[in-house]
2 protein chains.
Amino acid sequence: MQRYSRQRESIVDYLRSTKEHPTAETVYQHVRVQLPKVSLGTVYRNLSQLAAAGEILRFSSIDGVDHFDADTATHYHFICNHCGRIQDVPMSPLSDIDRLAGIGVRGEIDGHAVTFYGHCDLCLDSAEQ
Amino acid sequence: MQRYSRQRESIVDYLRSTKEHPTAETVYQHVRVQLPKVSLGTVYRNLSQLAAAGEILRFSSIDGVDHFDADTATHYHFICNHCGRIQDVPMSPLSDIDRLAGIGVRGEIDGHAVTFYGHCDLCLDSAEQ
DNA sequence: AATCGTAACAGGAATCATTACTGATTAGGA
DNA sequence: TCCTAATCAGTAATGATTCCTGTTACGATT
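Below, the structure is looked at part by part.

The rules we used
- In this convention, every chain numbers its residues from 1, walking through the sequence in written order.
- Think of it this way: whatever chain is written first is A, whatever ligand is written first is 1, and the rest follow in order.
- This being a predicted model, a pLDDT of at least 70 is required before a residue's local features are given, and a value of 80 or more before pairs of side-chain atoms are given or counted; all residues contribute to the totals for chains, interfaces and linings.
- Side-chain figures throughout are based on the complete set of non-hydrogen atoms in the structure, without hydrogens or water.
- Whether a residue is near a molecule or strand depends on its heavy atoms: it is near if one of them lies within 4 Å of it.
- Here a polar contact means two N or O atoms within 3.5 Å. Within protein one must be a hydrogen donor candidate and the other an acceptor candidate, and residues neighboring in sequence count only if both atoms are side-chain atoms.
- Secondary structure elements are taken from DSSP: a helix is a run of H or I of four residues or more, a strand is a run of E of two residues or more, and numbering for both begins at the N terminus.
- Residue contacts are counted whenever heavy atoms from the two residues lie within 4.5 Å of one another.
- A pair is scored as a salt bridge if a Lys or Arg side-chain nitrogen falls within 4 Å of a carboxyl oxygen belonging to Asp or Glu.
- For this classification, Asp, Glu, Lys and Arg are treated as charged, while Ala, Val, Leu, Ile, Met, Phe, Trp, Tyr, Cys and Pro are nonpolar and the rest, including Gly, are polar.
- Here, strands pair whenever DSSP counts at least two bridges between them.

Before going further, it helps to spend a moment on the protein's contact with DNA strand C. Every one of the 20 residues lining DNA strand C counts as a neighbour, but Arg3(A), Ser5(A), Thr42(A), Arg45(A) and Tyr44(B) are closest to it. Residue Ser39(A) places a main-chain N or O atom 3.3 Å away from a phosphate oxygen belonging to DNA strand C. In the environment of DNA strand C, a base nitrogen lies 2.8 Å from a nitrogen or oxygen atom belonging to the side chain of Arg3(B). Residue assignment for the surface near DNA strand C shows that the elements contributing at least two residues are α1 (6-17) and α3 (40-52) of chain A together with α3 (40-52) of chain B. If you tally residues by element for the surface near DNA strand C, the top one is α3(A), at 4 residues.

Encoded structure:
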């Protein structure tokens, strides 16, 4: 049974308030403002728990560190190969591809993730100068 | 300038011979059969180098460990949520989605990756029993 | 309200993948 | 053949994440 905890609530609150796809470390820094005694282990434990329960998403990026997202609806990401920034892609999910992929593989497909790679506007701008 | 090395050749050879999307550790175990004195650091260094040069692909899975693939053509993966096995999905790449995503984001999109999640045939079979 | 069982906590140690360093080796062009 | 930078083996260091220990406090039961 999952009980209420101030720490977990603060973690979820922060995740819902941002679109930055933060890492555990970043979550920790923000939660610490409200709860100065929180420990990094607690952040990790709760993030794992929330991800396992499907309340948040965990995914990895090019920096080798896990990132988290409170938006659990299917949506896609754009990762800058240069600075590593992660942005949401405002595009409707590809509705048919799970079925399409299912034709070729044995097993059961539950969902998919799409990640676009390239260079974000900020990095393109700074390269021009 | 990139010089020839027996170690790097052996790494590439092994990657081209398998469809298993191995980790650095697995590559190490196989290269060690041919070159018993090879060190794990050498494997890591060469894998990073090859990935940077675009000769192989590096990607991460649900196990938190990097996997490598000698097939650099755009293709999609199916990852079993239960056992972590990674399979190729025999499906033609979605040709138009880079442009489609580009409408909504500022920046330049160079490519994309699609990963399907679910349960592979082996795990479904063993669950039945 | 007192007691009890246990989920959750803080703090810190341990683990594990990966990278960096060091001194020795070697590919490959002059 | 000689030179030198790329590469190596071995090992230490790093950094993200997990695990462990003793403690706290929620929530159910009496």
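Here the narrative resumes, following the displayed structure.
This part takes up the interface of chain B and chain A. Between chain B and chain A, the contact holds 32 residues from the first and 32 residues from the second. Inspection of the region where chain B meets chain A yields 2 salt bridges. With a closest N to O distance of 3.5 Å, Asp121(A) and Arg106(B) form a salt bridge. Where chain B meets chain A, there are 11 residue pairs in polar contact (both at pLDDT 80 or more). Contributions of two or more residues to the side of chain B that touches chain A are made by β4 (86-89), α4 (97-104), β5 (107-120) and α5 (121-128) of chain B. Considering each element in turn, the side of chain B that touches chain A owes the most residues, 14 residues, to β5(B). When the residues that make up the side of chain B that touches chain A are grouped by side-chain class, the tally is 16 nonpolar, 10 polar and 6 charged. For strand β5 (residues 107-120) of chain A and β5(B), the ladder comprises 13 bridges, and the chain directions are antiparallel. Among the inter-strand pairings, Val114(A) is bridged to a residue of β5(B), identified as Val114(B).

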